Each structure stands twice: as C-alpha cells, then as structure tokens.
Amino acid sequence: MSSPCRASLILLAFILLAGCDREKRGMTHEPKPETMAFVPSGDPRASDYENNAFQMSQGQRLFMWMNCVGCHAHGGGGMGPPLMDDKWRYGGRMEDIVYTILNGRPNGMPPFKGRLTEQQAWQLASYVRSLSAQPRQDVLYSRSDEMSITEPATLKERNAIMNEPPAPGHGPGK
Amino acid sequence: MRSRPSVRSRATFLAAAACILLPLPASQIHAAANGARPAPAATAPEDGQWTMPSKDYASTRYSGLDQINRQNVARLKLTLSWDTGSRKGQEAPPLVVGSTMYLTMPFPNNIIAIDLAAKPRPAVKWVFRPNPRPMSQGVACCDVVNRGAVYANGRLFFNTLDGQVIALDAASGKAVWRTQVGNIMKGETITMSPLVAEGKVIVGDSGGEFGVRGWLMALDAASGKVAWKAFHTGPDKDVLIGPDFHPYYAADRGKDLGVHSWPADAWKIGGGTAWGWVSYDPQLKMIFYGTGNPGPWNPEQRPGDNKWTTGVFARDIATGRARWFYQSTPHDLYDHDDINEQILLDMPVRGQMRQVLVRPARNGYLYVIDRKSGQVYSADPYGYINSASGVDLRTGRLIPVPSKAPQEGRVVRNIGPTASGAKDWNPGAFSPRTGLIYLPHENLCMDEGVMEANYISGTPYLGADAKMYAGPGGNRGFLTAWDPVRRKAAWKIREDLPLWSPALATGGDVVFYGTMDGWFKAIDALTGKLLWRAKLDSGIIGQPITYRGPDGRQYVALVSGVGGWAGAIVSGPLDPGDPSAALGFVNAVRDLPKRTQAGGRLYVFALPR
Amino acid sequence: MRRRLLLPIPLFVLVSGCAGIQSVSDDAGRESGLIWSLFVLFGIVTAIFYVAVIAFLIAAYWRRGGSNQDGLPDEGGVTRERSLRTAFFLWTGAVIGSLSLLALASYFTDRGLASVNPENKPMVGIDLVANQWWWDVRYHYDDPSQNIRTANEIHLPAGVPAMISLKSNDVIHSFWVPNLAGKQDLIPGRINDIVLMPRRIGHYRAQCAEYCGLQHAHMALDVIVESPADFQRWEAAQRQPAPAPATPLAQAGYAYVTSRECSTCHNIAGTNANGTVAPDLTHVAGRRTIAAGTLPMNRAGLYAWIADPQGAKPGNNMPTVGLNADELHAVAAYLETLK
C-alpha cells in the first residue's frame, strides 16, 4: 500500500471517529447524566447534550410531544415568546433553559418537573438552543422534522444570546 | 394599503356615489331598505349611551345618534386622547353610562372609570385592579385580550383572564362580588364579554386550544352565585338537554350525542368553549350563542360529529335548558369556532316575515336561522371558501371538500378560509336604516399539516402546523356590506390587512371601523365611500362606539392597541422568521411590525363646536 | 398435505423449517394461502425443469464421444436430426406451456389478492400506525365512542375480513404477518390499505419488515385470530376503562402513574393519564409482550422494562425515570392490574 493511500485511510478513520462523537448516544450503562444533581451554573452535562446530534434530535421530538410547539411554534412564538431570537428573559444558557423547563416561570411557562425526566429537559434545551443556531455547526440538523417551512438550523445566522451569563441565583425573575 | 370600494365597475360606482351624495330625506332611505329590522323586544329606544359591547340584546352595534352624518363626518376632529398604559391587544370597547366612561383593559384587566363631565377636561374617576394570576397569560391562546365589561343596574360586570367574574359598583369602583369560575391549571381562561339580562350574568370559557371542556354558565347578578352551568360536550344532563330540546335537524337528535359523537373519553377534553357573543330575545326568553372548536385541531384524533362543538345553541335564560341546536360545522376540520355574533332580526324570508338570527360564521357562510325552531333558511358564502362546497338545507349539513381535509403527516395547501375563519370574533353592525350588515372580515388562505397531539393538562392541545397568507385577490381583508334579505353583498371594500376590529353603524348613515395598521375610518353606509380617516398610534382591533356626551354633542370613541391573534406579531412581539408562529397568523401579517407598533390609547372624536 | 409433497426439495425443507407463529408456509389467511399456493406451483414447475435440464446435461455428458470429430457426416445422422427436431419442439412447447401456466397462475393469484373480500362482507376497521419502534392499533366503528385503542397486539375474528389502514409517524416501516398475508409498507404522510382475511384461529407474529432504525428487530406485533364470539368478548373488555386499583400498593402505583412522568406520554382510559405519544396502557397487562415483543408481559418483564428501558431496548423513546424501589414496586403492581 502506498503511503498517500495509507495516509488517506488514516484520515478517513479520523473523520469517521469524529462523526461518532457527534452521534454518540449515551443510552446504556452511563449513569452520569441521570443520577447527577442539577448544577445551576456550569453543569458539566451542558456541553454533552448541546453538542450531540442524537440528544438534539430527541429534543426536537419532545418539543412536539410536550406541546412546546403549541406556544412557542417552531421558534417564532405565539402564546409564548419566540425562542429563535437573541432575547432571553430568564437567560439563554443550557442550564437556564433546563431550569425554566423544569420549574416554570411566573408569566405563563408551566413547570415540567415530574412530567419530564431531567434527561429529557436537557435534550429539549439542546434543541431550543439550536433554534437560534447556538450549538456547534456540525451538530446542527440540516432539515427539520416538522411540516412547516422553517429554515434549517444550519442555515441560520448565529446571534450571541443576550444577557449571557444570566443573573445569578436563578430567582423567578420579573 | 389604500382601501378601494370594489363595486363591479368604477363607472357605476362613481355614478352611484354621485347620486347618493345628494341629501336624501330619511323616509326615502326607509323605502329603500329591504324590510329587515332588529328584533323589537331586543332593542331599546336610543338613549345616547353605550352600556354593553353589542349595544343591545339584538347585537346590532347601531346607535341612532345622527349628529355626525355622511355630510359632516369629514370634519371629525380629535377631542381627547389618553394613553391607558396597556401595550397588549385591545378588543374591548369603552362603555358610556351617563357622564362616565368605563374602559376595560386586556390583562391585567383593570377597569378605568373616566368622568367625562369633569372640568376642565375629562379625568380618571377610579381604577379597579383585579390582579389576576400572571400564570393565566400562558394559557391564553391568542394574546391576553378582553372583549369588554357590561353595565347593568348600577353595576359593571366583567371577566378576568384567570377565570373570575367580577361585579363592581359602577359609582365607587368597589367589588360587589367576585366568583372564580375557570381553572387556569386546566387551561380555562375567560376573554369574552358577559351578557347581563333577567338578573343573570351569562359567562363562557376560553381554552379550546388547551383541551378544556367548554361550558356556558349563568350567575346571579345580585349575589354572584352560579344559577346554572351547561357543558358543550358529554351526557345530556351536563349539556342541560331535556324533553324541551327540539333541534330542527335529525343529526342533532338522539340521546347523549355529546358522548356518542366522540371517541371514548375524548369529549372530556374536547373543547367547545363559548368565548364569543351572546344575544338575547326578551320575547322568547331565549339566549343564542355559538360554541367553539373541538379539541384538538387535528381532526383525525376525534372521529365523529363532535357534538356540541362548533354550533349554535338556543337556551332558556332562566334555566339554561337547551331549546335547539344547529351544528354549522360538524366534525370541524379547521378550528372554525362558531362563536361569532348573532344579530337578531325580523325580516322577510321568501316573502314571509320571520324572526331570525343572522350569523356570519367562521366557516365562511352567513346563516339565516329561525329563532324559534332553529331551521336554517339560507347559508350563503360571504367570503372565499374552497374547503366546503355548500350547505345542504335539507339536512343542515356543511358539505366539505375531501381534497382539503387535513390528514396526519401531510400538508394540505391553499385552504380557504383559514383557521381564523372568513371572519373571526370581530362582530359586524346592522343598520335598520339601510337594512345592511357591515361585516369586517378576512380574506386569507392557509397551508395546514396535522399530527397527533399529546394531551398534557394546562398545555396546548393542537396537533397542527399552519401558515396563512393572503387569499384570492391579494388583499387580506374586506369590509362587506351584506344584504340579508337579498342574500348577497351590496358592496365590498378591499382592505390590505385582515380586519380585526368590529364595525359601528350610526343613525347618520356612517359606518366606523379600524384597520390593524392604525387607520380609523368612517365610510358612507349606503355606498361604502371613504368619508374620513385618522391614523392612530397603534393598530385597531378594538370596538368603536358612539355616545352623546354630557354637553349634548355626539362623540365617537375607541381604544387603539394592536394585538389579538392577528396582531400578536406586534404585541408579542413574535418572530416573523417562523411562518408557523401564532398558529400560522404571523406569516399573513409579516409586514405589520413595520406599519404599526404596540399601543393602547383612548381616542374620542367629535365635530368641531 | 402440501408440505409432505415438497419434502424432497431442500429449499422447501428450509422454508418449512420456519413453520410456526411466523411462517410464510402457512395458509392461515386467505391471502397467505393464495401466495403460498402460487409459490408451491412455481416451485414444482421450476423444479421439474431444473431436474430435466440436469438430467439432459448428464445424459449428454455420458453420450459424448462417438466418431463425429472428423467433421464427416456419420450414418444415421438424418434420423438423429429428425428426432432432435422433435425433441426441440417438445422442449420449446413445454417451456412455453409452463411459462403460460405460471403467468396465468400469477394473474389469477393477483386478482385473488385484489379481491380478498369478494362477498363484500362488513369488515373490521383498523388503523395501524407505526412508530419507532412500536405499533399503535386503533379499531374504529360507526359509533366513534366504541373505538378501541391498544398497542403491539391485534385481535382479529376468524372468517371476517379486516381492513387495515397503514400509517407511519416517523420513517418507513413495513407490516408483515407472514401467516396471513404479504408485506405492505407504512409510509409517513400516506395511507396504505391491506385487507386481511384470517381463516384459522391461532396466535401469529408480525414483524416490521423494513429496516427502520436501531430497534427494528424489536418491533414485533402479536396477531391473535379468534372466533367471532371471543373477538366480541375481547372488544367489550377493551372498551372498559381501567379497573380501579384495589391494594394499597397498586393505589400508590396508580397515584404515581397518573400524576407523574408516565401520564405525560401514556394513556390509561378512565384516569388522568391522557398522553397519546406512547402505547396505550389501559389493558396492558392483558397483552402478551412489553415493548413490541421485547419482553414477556409478566412481573419480571415489567420490572426490567420500567427500571431500565434503555437496557432492554437501547435507543427507544421511553426514558429512564429513575424510580426508587418503593415507586418501582408500586408502579409494577398497578400495571399488573390493568388486564
């Protein structure tokens, strides 16, 4: 085997391995994500969930199933505020979104603690962040599951999220 | 953007306008009328006040005041403008009783009393703050609107978003009683304006997008105690259906249809709310009102006729017992809530005078229904419809077009009318002088895809993605002057934006309405010619009224404040980057944020002294 | 009967080795019977030809040699040519004849399949919706309040045709009950119909027959063909709401299931659990398996599934809820009562 050929094979192997990281599914015998207590700022799970295509696509499914879509539409909002812009009332980091999903907010966001598992809240947060193209480009999906004609996340322009990091303490906010 | 009366040809229009502009004696106008008049028992002699949003029990929205008329309306001037501080959709009218004006605000539902006789200028008399629970904002489907308070016997009755009915002493602004009737944890809010008659306060719930079980109830106006409550799904005893229930059509007869026309248990979360308008005929002692959409929007999850949703009920006001029911949209496919106004008229039908109610339904048909029997005399399209091919008057049934029926997993394109209907909640006005009904409505179509909706209590129960856009012709709204006797439009005004504000007709033969980009317009009731207009700070979805002020002059008033389902893109604000936002309405009004802004000012106009 | 006929042919032996609850060599349904008869006919005809060709080949090999190699005509060449010509015509006739036979047989089988319900009998109406990776089963009737919803199990009355509308919520799946009929795909956004005409009472196993993701293999469907009387009893039982929990343990389980994570996705008729995106659990304990044929429906299966769904069926949409031991006992005890 000639050396350029060998080199390209090694390169291919690397590319494939990189792909594995994107698609990694922490399904079995990885108790970390389930049993750990939620850390309000700097939770180590945040990047695991955010930069994983599988978790994000599970989040997309849950976004429909948990009726998030009824209020927030596909990011443009309706009964609830838009999620695809850069304005976040209660902080737009993964931890903030998980907190919001689980505990609700006083102006209408219902709490989902006890209705969703924490893992599902993380998956949802990952998808919510993808609506404004916050996660890594190679993790974003190039096609949405929904039937409307929203722009694929990979084509969205990324705007840094406002008030990031949020006010400490995770109080109920205004 | 400019409104253009679209009479067949411009030449005939000009000719008509030219001869109409000549002053006509009043008697001649009466002779030209088509014989339709409001139900006499449901109207009162003109007293220059405005005590309920619909003006009278017949829901005419007509005031006999004629100081402002076709000839002088062009000189109308602003006499008062005051910022209410609200920035949400303002669908409620000001009320004027004696020399006091009462404003009803969207969430947080404050009531503001303004002393119109105060010197040197009108001043706030009192403000009542009900402080509804903020959580209720999350279960209000289409902005946090309120459609107005009602004045009766020294009291103001109104509803709060979080499901309370409150009676205030109109003089002092102190609560007399407050009764919690809705449960926001299930998604029950109240946005409607109550109807007060015979010592009862009639109230219904909102929340058809949340899988609530719709109801209408009567509270005792004196004490606030619930007198009766009628559900709109479920067994007959809950719906208050008994031996005196005599629907005209066979499809509405049978035992417990509210159970048997649903999959098991689906009726418990089946919607059928009553958030619209109630009319009352004091002669028959019957109320008439429509029921909302069945839930979820996805029709495949609820095979059957889904009784008693999307239809009109006639009930005895004292007991709540149902007298008849007509389902205009059995097995609703498109969220066609049937909650629009019913205008009670006595008019000739095929040569015979009949007591009827006229209702421009959301499905695009204008129904003329006998008040006593529930028989449908006619159902004519007043807007663009391609999702139904007609109404079978023998069976009373709407005939749907199968190719436009939503199906799980696929998108059906170009459905007309949209989920918001050919006309939504915003009622038309009837002028007994012209015999015409002035209908502000929409001209939109939509693409819709449905999927299985999951029921989680207190969250939306929809299962649909929609995207709305302008209908045929490219204009998104119409003001149609409908002749109910001749069963056709006398004329139409094309409006660029959907019309979300109700109309007001006056004895001066002027019709007032507003547009979502903030133009308040006065048109000629006979021809539709634009006579006057003023640009307000924010878009108009509110109800214009007219009254005689303490100084004896005629005033026209309304509160601006764009919002509601149609204007949520501005009041939200929502992101136009997602066409499905606000259940698809955002796509139809993407240009609105550039043309108006959120607001909420009271405007009062009058002729210069 | 037929099976005995085929014994000499190895291929057929292999196929009949699959006999049982999931077998193509069965005529428990009208449709599978037709297909199987056609298959047998094809097998016989092609086997005859195969044997004939091999026989001629061997014969030709043995009769090779002779003195024809110099190119001169040998004696008797004319006679041989004549008999060869006869053989040629016979052979061609046999090929054309049998091909026509097969074509006709295919045609009539196809017509037969197209009219599975020739007498136009009233049919059982079922919507079968495929999901990753389970089957949502909905029986519908003229009176919608009689509709039945279950999962991963279809009951059919013998001798009554069943019209099954096939839908999918995510990707393309395929519905295949080999004992009863051929395959039919379930495609998102489309409705495919298949009519089954089960003839023999029994329990059969269907399997998703189109690769649909990680747990494609764990997407089985139990098909129970029973007498019309038994079927009616089953229908009546399915229409009942879930029984109220009797024991304190089951009551605790009821409280958890109907108020917590479970009720977000699952439906249990007659309770506050109204979710629609996961299998209906109203009568889950009356079914044979859990998670589309992944685990048997018994106490051990319930514990295994609820405690660690991702261990039993990695990648499926049931989350690990993280119940503590008391909650697990209670939830399993309650689900066991849902007969």
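Reading guide: rules and limits
Residues numbered from 1 in each chain as written. Chains lettered and ligands numbered in written order. Predicted model: local features only at pLDDT ≥ 70, side-chain atom pairs only at ≥ 80, totals over all residues. Heavy atoms only, no water. Phe/Tyr/Trp six-rings, centres within 6.5 Å; stacked < 30°, edge-to-face > 60°. Helix = DSSP H or I, 4+ residues; strand = E, 2+ residues; numbered from the N terminus. Buried < 20%, exposed > 50% of the residue type's maximum accessible area, 1.4 Å probe, protein only. Lys NZ or Arg CZ within 6 Å of the ring centre and 35° of its normal. Pairing = 2+ DSSP bridges. Axes fitted to C-alpha atoms, helices over the stretch in contact; angles between N-to-C directions. Disulfide = S-S within 2.5 Å. Contact = heavy atoms within 4.5 Å. Buried area = accessible area lost by both parts, 1.4 Å probe. Salt bridge = Lys/Arg side-chain N within 4 Å of Asp/Glu carboxyl O. Polar contact = N/O pair within 3.5 Å; in protein donor to acceptor, adjacent residues only side chain to side chain. Nonpolar A, V, L, I, M, F, W, Y, C, P; charged D, E, K, R; others polar.

Asks: Got a minute to help me understand the packing of aromatic side chains in this structure?
Replies: The description of an aromatic ring pair rests on the distance of the ring centres and on the angle between the ring planes. Residue and element names in this part refer to chain B. Applying the stated criterion to the full structure yields 39 aromatic pairs over all chains. When the ring of phenylalanine 128 is compared with that of phenylalanine 158, the centres are 6.2 Å apart and the planes differ by 80°; the resulting orientation is edge-to-face. Taken together, the residues span a long stretch of sequence, with phenylalanine 128 in strand E8 (residues 123-128) and phenylalanine 158 in strand E10 (residues 155-159) at a distance of 30 residues. As far as the burial class goes, phenylalanine 128 and phenylalanine 158 line up, both buried. Over the aromatic face of phenylalanine 231 sits the side chain of arginine 213, whose NZ or CZ is 4.0 Å from the ring centroid. When the ring centre of phenylalanine 313 is taken as origin, the NZ or CZ atom of arginine 315, which lies over that ring, is 4.2 Å away.

Asks: Can you walk me through the sheet that holds strand E24 (residues 376-381) of chain B in this structure?
Replies: Strands pair in a sheet through their backbones, by hydrogen bonds, and they do so in one of two ways: parallel or antiparallel. Residues and elements named next belong to chain B. With antiparallel pairing, five strands are arranged side by side in an open sheet as E2-E21-E22-E23-E24. Either end of the sheet is taken by a strand with one partner, and the two such strands are strand E2 (37-38) and E24. Two strands pair when backbone bridges link them, and strand E21 (residues 343-349) and strand E22 (residues 352-360) are joined in this way by seven bridges, in the antiparallel orientation. Bridge assignment links leucine 345 to a residue of E22, and that residue is valine 356.

Asks: Help me understand the sheet that holds strand E14 (residues 200-204) of chain B in this model?
Replies: All names here are of chain B. The sheet built from four strands is open, its strands ordered E13-E14-E15-E16 with antiparallel pairing. Either end of the sheet is taken by a strand with one partner, and the two such strands are strand E13 (195-197) and strand E16 (226-231). When the angles between neighbouring strand axes are averaged without regard to direction, this sheet yields 20°. In this sheet, E14 lies alongside E13 in antiparallel orientation, the contact comprising three bridges. By the bridge assignment for E14, alanine 197 is matched with lysine 200.

Asks: Explain the state of the cysteines to me, please; I cannot follow it from the model alone.
Replies: When the sulfur atoms of two cysteines share a covalent bond, that bond is a disulfide. One pass over the structure, following the stated rule, counts one disulfide over all chains. A sulfur-sulfur distance of 2.1 Å marks the disulfide that ties Cys141(B) to Cys142(B). A torsion of -100° about the S-S bond marks the disulfide between Cys141(B) and Cys142(B) as left-handed. With no disulfide of its own, Cys71(A) lies closest to Cys68(A) among cysteine sulfurs, the gap being 8.7 Å. Here Cys212(C) stays free of any disulfide, with the sulfur of Cys208(C) as its closest cysteine sulfur at 3.8 Å.

Asks: Mind showing me how you'd approach the interface of chain B and chain A here?
Replies: Accessible area lost upon the coming together of the parts is a frequently used measure of interface size. Residue-level contacts link 32 residues of chain B with 31 residues of chain A. Regarding the contact of chain B and chain A, the summed buried area is about 2300 Å², with carbon and sulfur atoms giving 63% of it. The interface formed by chain B and chain A contains zero salt bridges. Between chain B and chain A we count 13 residue pairs in polar contact (both at pLDDT 80 or more) in total. Mapped onto the side of chain B that touches chain A, the elements with two or more residues apiece are strand E30 (444-450) and strand E31 (464-470) of chain B. Its residues placed into classes, the side of chain B that touches chain A shows 17 nonpolar, nine polar and six charged.

Asks: I would appreciate a short explanation of the environment of Gln375(B) in the present structure.
Replies: All names here are of chain B. Within the secondary structure, glutamine 375 is located in the loop between strand E23 (365-370) and E24. We classify glutamine 375 as partly exposed; its relative accessible area is 22%. Each C-alpha atom of the pair glutamine 375 and threonine 395 lies 10.0 Å from the other, and the pair is 20 residues apart in sequence. Of the polar contacts made by the side chain of glutamine 375, one reaches the side chain of tyrosine 248; its length is 3.4 Å.

Asks: So what exactly am I meant to see when it comes to the interface of chain B and chain C here?
Replies: Between chain B and chain C, the contact holds 20 residues from the first and 20 residues from the second. Taken together, both faces of the contact between chain B and chain C bury some 1400 Å²; the carbon and sulfur share is 42%. Between Glu452(B) and Arg149(C) there is a salt bridge whose closest N-O contact spans 3.4 Å. Between chain B and chain C we count eleven residue pairs in polar contact (both at pLDDT 80 or more) in total. Considering only residue class, the side of chain B that touches chain C consists of eight nonpolar, seven polar and five charged.

Asks: Hey, could you run me through the pairing of E24(B) in this one?
Replies: Consecutive side chains along a regular strand alternate between the two faces of the sheet. Residues and elements named next belong to chain B. Counting buried positions over the six residues of E24 gives five, a clear majority of the element. Where E23 meets E24, five bridges bridge the pair, whose relative direction is antiparallel. Following the sheet pairing, valine 368 is matched in E24 by serine 378. Where E23 hands over to E24, the hairpin turn is made up of five residues, of which glycine 374 adopts a positive phi near 85°.

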